[in-house]
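Listed below are the residues making up each chain.
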Amino acid sequence: MIYLDNSATTKPFDEVIDSYTKVAKTYFGNPSSLHGIGGQAEKLLSQSRTQIANLLRVKPQEVIFTSGGSEGNNLAIKGTALQYQNRGKHIITTSIEHPSVSEACEQLKELGFEITYLPVDDNGVVSLENLKEAIREDTIMVSIIHVNNEVGTVQPIEEIGKLLEKFPKIIYHVDHVQGIGKTTLDLDKAKLDLCTFSGHKFNGLKGTGFLFVRHGVRIKPLISGGGQEMQKRAGTENVAGFVALAKALRLTIENRDETIKQLSKLKGAIIERLSMISGIRVHTPVRNSAPHIINFSINGLKPEVFVHLLEERDIFVSTTSACSSQNNEPSKTLLAMGVPHVLANSSIRISLSSQNKLEELPNLIDAVESAIHQLQNVMGENNGI
Ligand SMILES: Cc1ncc(COP(=O)(O)O)c(C=O)c1O
């Protein structure tokens with residue numbers, strides 16, 4: 001099997017699953033219980049929080065455990081909007097966000113919020129000038145995706161942070177779900193107030209994640225109840241999942257430099273070979289893009305048929321992002337980058353992890369070429385050729 005859909009989800013590391021199983025079996029107590037079994041679970045939870053905080057060089061109290069990226073983004077955006085609505089009701093984000101940001105913003109419109117979606121250039125990058133112009137007296141939040149999940153474009157997060165320093169009342173949120181382990185974002189240097197992480201995107205388990213909330217930044221909880229997670233997210237914590245999350249983050253960060261090198265080489269080689277195939281247009285920009293995502297279109301071919309043809313060869317890729325691949329709509333990100341509708345409607349995403357190897361490349365290219373020939377033959381027959 002060649003698994004190339006790592007932006008949808010990654011295969012958990014064996015050590016991560018081992019940690020989960022051990023904790024779930026042995027330390028099953030509720031961390032809020034006062035007795036010893038609860039105390040053991042609380043100790044593990046607190047150790048995991050501290051480990052994550054140390055890896056990111058933040059404070060343990062700034063790590064709020066969640067169920068993943070969608071919850072983190074919703075908590076960041078709606079939690080900020082509800083907390084600071086008396087200051088203003090204007091939010092700035094980009095036109096290439098994950099739906100867990102854009103749909104959360106759309107929902108806020110029903111409560112009277114106004115949303116500005118910043119445009120991007122043909123590489124998928126926002127401009128600081130456009131951001132500066134969009135800021136108003138009543139702007140309470142700027143939310144920017146770090147690495148776009150469809151094409152891999154990286155936004156200038158640090159430069160935006162520097163610009164926003166001049167507006168201390170604006171909360172700065174970054175969706176770092178696709179960036180962790182593939183980039184070197186420093187939360188402090190980038191002056192972030194809120195930052196979203198999802199465990200299953202870095203070889204942790206589904207249903208685990210965390211939101212960084214800078215000390216002093218207040219957000220309203222979306223789940224009310226027992227006051228867990230510093231009053232920001234109620235509910236009995238998934239202790240085993242969060243221990244496994246901390247382990248996945250440690251392994252990811254320890255190997256980050258090596259992974260970036262390995263993926264960059266692999267990505268470069270894949271793009272070089274794909275670009276040589278007639279009819280393929282690569283959308284992922286050469287500069288300002290993460291090392292693990294390659295997005296391309298094949299002129300006139302149906303992407304879902306292409307994905308299935310590759311699957312017959314035991315190779316797994318995706319059309320656009322996993323969450324929008326079911327609705328058959330053209331990629332919002334590609335349209336925002338000015339890619340013609342027909343190509344935005346036929347894009348394929350290859351996404352890598354450290355588990356992929358250069359040796360897989362010949363099989364991939366061979367499968368891509370033969371899928372294209374097969375589809376062109378069918379099209380030829382249908383056209384009476
Ligand atoms: C950039 C980005 N943000 C948020 C999410 C949502 O994360 P989760 O699947 O953990 O809810 C995803 C998932 O694809 C993503 O790619």
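This text goes with the structure placed above it.
Residue positions are given per chain, counting from 1 as you read along its sequence in written order. Residues qualify for local features only when their pLDDT is at least 70, as the model is predicted, and side-chain atom pairs are given and counted only at 80 or more; totals for whole chains, interfaces and linings, by contrast, use all residues. The side-chain figures draw on all heavy atoms in the structure; neither hydrogens nor water molecules are used.

**Q** Teacher, can you tell me more about the nonpolar core here?
**A** Soluble, globular proteins show a tendency: their nonpolar side chains are buried together. Among buried residues, those of type Ala, Val, Leu, Ile, Met, Phe, Trp, Tyr and Cys that are joined through side-chain atoms within 4.5 Å constitute a nonpolar core. Three labels apply to residues, based on accessible area from a 1.4 Å probe with only protein chains included: buried if under 20% of the type maximum, exposed if over 50%, partly exposed otherwise in between. Among the nonpolar cores identified, the biggest contains 52 residues, and Ile-52, Leu-56, Tyr-172, Leu-192 and Phe-210 are the most heavily contacted of them. Numbering of helices and strands runs from the N terminus, with a helix taken as a DSSP run of H or I at least four residues long and a strand as a DSSP run of E at least two residues long. If one sorts the elements of this core by residue count, helix α7 (residues 239-254) sits on top with eight residues. Here Phe-210 is in contact with Ile-52, Leu-56, Val-63, Ile-64, Phe-65, Thr-66, Cys-195, Thr-196, Phe-197, Leu-245 and Leu-249, once residues within four sequence places are set aside. One finds Phe-296, Phe-306, Leu-310 and Val-368 within the second-largest nonpolar core, a separate group that totals 31 residues. What makes two residues a contact is simply this: any of their non-hydrogen atoms within 4.5 Å.

**Q** What should I look at first to understand α7 in this one?
**A** Because an α-helix packs 3.6 residues into every turn, residues spaced three or four apart end up facing the same way. Take the number of residues in a helix, subtract one, and multiply by 1.5 Å to get its expected span. Compared with the 22 Å implied by 1.5 Å per residue over 16 residues, the 23 Å span of α7 between its first and last C-alpha is a close match. In terms of burial, α7 is a largely internal element, 13 of the 16 residues being buried.

**Q** Help me understand the pattern of salt bridges in this model?
**A** Salt bridges, as used here, are contacts in which a Lys or Arg side-chain nitrogen is within 4 Å of a carboxyl oxygen on Asp or Glu. Considering all chains together, one arrives at 13 salt bridges under this definition. Taking the shortest distance from any N to any O, the salt bridge between Glu-254 and Arg-250 comes out at 3.1 Å. With a gap of four residues between them, Glu-254 and Arg-250 both fall in helix α7, about one helical turn apart. Here the residues in one salt-bridge network are Glu-114, Arg-136 and Asp-138, joined through shared partners.

**Q** What is the right way to look at unusual backbone geometry in this model?
**A** One can expect most non-glycine residues to show negative phi and most peptide bonds to be in trans. With a phi angle near 50°, Glu-229 is a residue other than glycine that sits in the positive phi range. Judged by relative accessible area, which is 3%, Glu-229 ranks as buried.

**Q** What is the right way to look at the site of the ligand in this model?
**A** One heavy atom suffices: a residue is near a molecule or strand as soon as one of its heavy atoms comes within 4 Å of it. Contacts to the ligand come from 14 residues, most closely from Ser-70, Asp-175, Gln-178, Ser-198 and Lys-201. In this structure, Gln-178 approaches the ligand through a side-chain N or O atom, which is 2.8 Å from an oxygen atom. Where accessible areas are quoted, they stem from the Shrake-Rupley method and a 1.4 Å probe; at the residue level, only the protein chains shown are allowed to cover. Relative to its unbound accessible area of 390 Å², the ligand is 87% covered by the protein chains. In terms of residue count, helix α3 (residues 69-84) provides more of the shell around the ligand than any other element does, three residues in total. Think of it as three bins: nonpolar holds Ala, Val, Leu, Ile, Met, Phe, Trp, Tyr, Cys and Pro, charged holds Asp, Glu, Lys and Arg, and polar takes everything else, Gly as well. Considered class by class, the residues forming the shell around the ligand number two nonpolar, 10 polar and two charged. Pairing of N or O atoms within 3.5 Å defines a polar contact, subject to two protein rules: one partner must be a possible hydrogen donor and the other a possible acceptor, and residues neighboring in sequence count only if both atoms are side-chain atoms.

**Q** Would you explain the environment of Tyr-172 in this entry?
**A** The residue Tyr-172 is located in strand β6 (residues 171-175) in this model. Spatially, the C-alpha atom of Tyr-172 lies 5.1 Å from that of Val-142, the residues being 30 residues apart in sequence. Within polar-contact distance, the side chain of Tyr-172 engages the backbone oxygen of Ile-157 at 2.9 Å.

**Q** Explain the pairing of strand β13 (residues 347-351) to me, please; I cannot follow it from the model alone.
**A** Consecutive residues of a regular strand have side chains that alternate between opposite faces of the sheet. Among the five residues that make up β13, five are buried, leaving the element largely enclosed by the rest of the structure. Neither face of β13 is open: one carries Ser-347, Arg-349 and Ser-351, the other Ile-348 and Ile-350, and all of them are buried. Whether two strands pair depends on DSSP finding at least two bridges between them. Pairing geometry for strand β10 (residues 293-298) and β13, over five bridges, is antiparallel. Bridge pairing links Asn-295 to Arg-349 in β13. Judged from the two bridges that link them, strand β12 (residues 318-319) and β13 form a sheet pairing that is antiparallel. Along β13, the bridge assignment pairs Thr-319 with Ile-348.

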